[in-house]
Amino acid sequence: MEKDIKILAIESSCDETAAAVVVNGREVLSNVIASQIDIHTKFGGVVPEVASRKHIEAISLVVEEALNEANLTLKDIDAIGVTYGPGLVGALLVGVQYAKGLAYALDKPLIGVNHIEGHISSNFIQYKDLEPPFICLVVSGGHTFIVYMKDYGEFEVLGQTRDDAAGEAFDKVARAIGLGYPGGPKIDRVSKEGNKEAIAFPRANFHDKNCLDFSFSGIKSAVLNYLNKMKMKGEEINKADVAASFQKAVVDVLVDNAMMACKRKKVDKIAIAGGVASNSALRAAMVEEGTKRGIKVLFPELKLCTDNAAMIGSAAYYEFLKGKRAPLELNAIPNLKLGER
Ligand code: KG4
Ligand code: ZN
């Protein structure tokens with residue numbers, strides 16, 4: 001039997017400082033996350049400089065805790081995986097520099113991981129038997145992609161957002177109706193008490209009917225216009241109805257495009273990933289539509305949907321198997337593209 005590969009993974013691309021130990025890309029021995037949400041909530045969104053400072057304060061403790069929970073020491077680790085993009089440059093740099101320091105001091109291989117590929121890989125942890133090919137809908141605060149995952153580390157982007165990311169739209173609309181930050185989970189919760197058919201917010205329409213791209217800024221503007229109109233008329237706003245109707249508009253396009261991607265690639269498996277993958281309406285609608293079409297819908301548990309380092313450890317493992325190693329000159333790349341090395 002081959003030796004187990006234990007990867008220590010580090011993630012610091014936005015507002016979570018995270019470290020995890022993952023064995024053979026699938027088994028999570030520890031998954032520690034220090035969230036900065038409380039600090040950023042005061043400002044209504046992530047403040048990059050504050051995020052970097054908080055990462056610096058937390059990173060050693062988070063890594064130590066990940067090793068302790070895994071009952072391992074640095075000597076037992078076979079490689080260090082780290083997110084090097086996309087994300088906030090100052091935030092990414094904290095993780096990258098820390099990982100480089102460890103790799104150099106321990107003389108262990110360093111593996112640079114694309115954050116979005118990490119999100120996709122969270123499904124490998126949730127579903128131990130999942131193998132490519134499959135379609136993945138990546139919906140997070142910064143990104144919205146429909147990806148055909150041909151093989152490990154091989155991605156074809158079939159569609160992406162032309163403006164706001166899905167999570168960004170959730171956050172902006174939540175702020176506009178006074179729900180606060182982070183908006184996604186709040187809209188999800190409030191929508192349960194609202195009528196999703198109450199207001200007909202428009203879906204983006206591209207000339208090319210086969211286009212799998214998204215646009216969420218139009219839906220967001222429609223919500224803002226609606227709120228203004230109601231205010232001018234002096235009418236009361238039903239927050240739950242606005243939230244539920246907005247959420248339905250977003251979920252409808254996500255589901256339509258994801259299903260179209262499966263049809264196009266003749267694939268009967270679709271995985272969802274990223275923070276918005278924890279949205280209860282999206283999960284329910286995907287399963288409902290998937291069941292009708294004979295498509296299996298997969299999504300990771302909530303802790304694996306939002307930013308974490310276990311997903312980075314999984315993606316790093318498949319890079320490790322391919323012999324990919326990052327040099328000690330590895331730098332943070334804030335706009336790193338999917339599939340780019
Ligand atoms: O993946 P993630 O943790 O960070 C990025 O890489 O961006 O995603 C965070 C995003 C935020 O925009 C947040 O509002 C959204 O995911 N989110 C949700 C839900 N939980 C988190 N959006 C809709 N419904 C949710 N339940
Ligand atoms: Zn993310």
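Given the structure is predicted, the values throughout are model-derived calculations rather than measurements.

Definitions and cut-offs
- Per-chain numbering applies: the sequence of each chain, read as written, is numbered from 1 onward.
- Key to labels: chains lettered from A, ligands numbered from 1, both in the order written.
- At least 70 in pLDDT is required for a residue's local features to be given in this predicted model, at least 80 for side-chain atom pairs to be given and counted, and no such filter applies to totals for whole chains, interfaces and linings, which use all residues.
- Computation of side-chain values: all heavy atoms of the structure, hydrogens and water removed.
- UniProt positions are given in the numbering used here, feature names are shortened, and annotations may be inferred rather than shown by experiment.
- Going along the chain from the N terminus, every DSSP run of H or I of four or more residues is numbered as a helix, and every run of E of two or more is numbered as a strand.
- Residues are treated as being in contact if the distance between any of their heavy atoms lies within 4.5 Å.
- Partly exposed residues are those whose accessible area sits between 20% and 50% of the maximum for their type, while under 20% is buried and over 50% is exposed, using a 1.4 Å probe and protein chains only.
- Nearness is judged by heavy atoms alone; a residue qualifies as near a molecule or strand once a single heavy atom is within 4 Å of it.
- The Shrake-Rupley method, run with a 1.4 Å probe sphere, supplies the accessible areas, and residue values consider only the shown protein chains as cover.
- Residue polarity is assigned by list, with Asp, Glu, Lys and Arg as charged and Ala, Val, Leu, Ile, Met, Phe, Trp, Tyr, Cys and Pro as nonpolar; anything else, Gly included, falls into the polar class.
- Of all possible arcs, the one meant is that of the directions from the helix axis to the C-beta atoms.
- A strand pair is defined by DSSP finding two or more bridges across the two strands.
- Each axis is a line fitted through C-alpha atoms, taken for helices only over the stretch in contact, and angles between the N-to-C directions span 0 to 180 degrees.

(A) Highlighting the UniProt feature "binding site: Fe cation" (unreviewed entry) in the protein. Per the UniProt entry, the sites bearing "binding site: Fe cation" (unreviewed entry) are His115, His119 and Asp307 in this numbering. Taking the farthest pair of C-alpha atoms as the criterion, the annotated set spanning 193 residues converges on one region, since that pair is 8.8 Å apart. If you trace the backbone, His115 turns up in helix α4 (residues 115-126). Excluding anything up to four places from it in sequence, His115 contacts Glu11, Ser13, Thr83, Gly85, Pro86, Asp307, Met311 and Ile312. Looking at where His119 falls in the secondary structure, it is placed in helix α4. Judged by relative accessible area, which is 1%, His119 ranks as buried.

(B) Spotlight on the site of ligand 1. Near ligand 1 you find 19 residues, and of these Gly141, Asp171, Gly184, Asp188 and Asn279 are the closest. For ligand 1, the protein covers 89% of the area, taking 550 Å² as the surface of the free molecule. Across the shell around ligand 1, the residue classes tally to 4 nonpolar, 12 polar and 3 charged.

(C) Structural detail: helix α5 (residues 166-176). When α5 is considered as a whole, its buried residues turn out to be Ala166, Gly167, Ala169, Phe170, Val173 and Ala174. Seen from one end, α5 has its buried residues packed into an arc of 160°, which puts them on one side. Where α5 terminates, the next one or two residues include Gly178, which has phi positive at roughly 75°.

(D) Spatial organisation of the sheet that holds strand β9 (residues 269-273). The 5 strands lie next to each other as β8-β7-β6-β9-β10, forming an open sheet whose pairing is mixed. The sheet terminates laterally at β8 (154-160) and β10 (296-298), the two strands that pair on one side only. Neighbour-to-neighbour, the strand axes of this sheet turn through a mean angle of 25°, independent of strand direction. For strand β6 (residues 134-139) and β9, the ladder comprises 4 bridges, and the chain directions are parallel. Counted as the bridge partner of Leu137 is Ile272 from β9.

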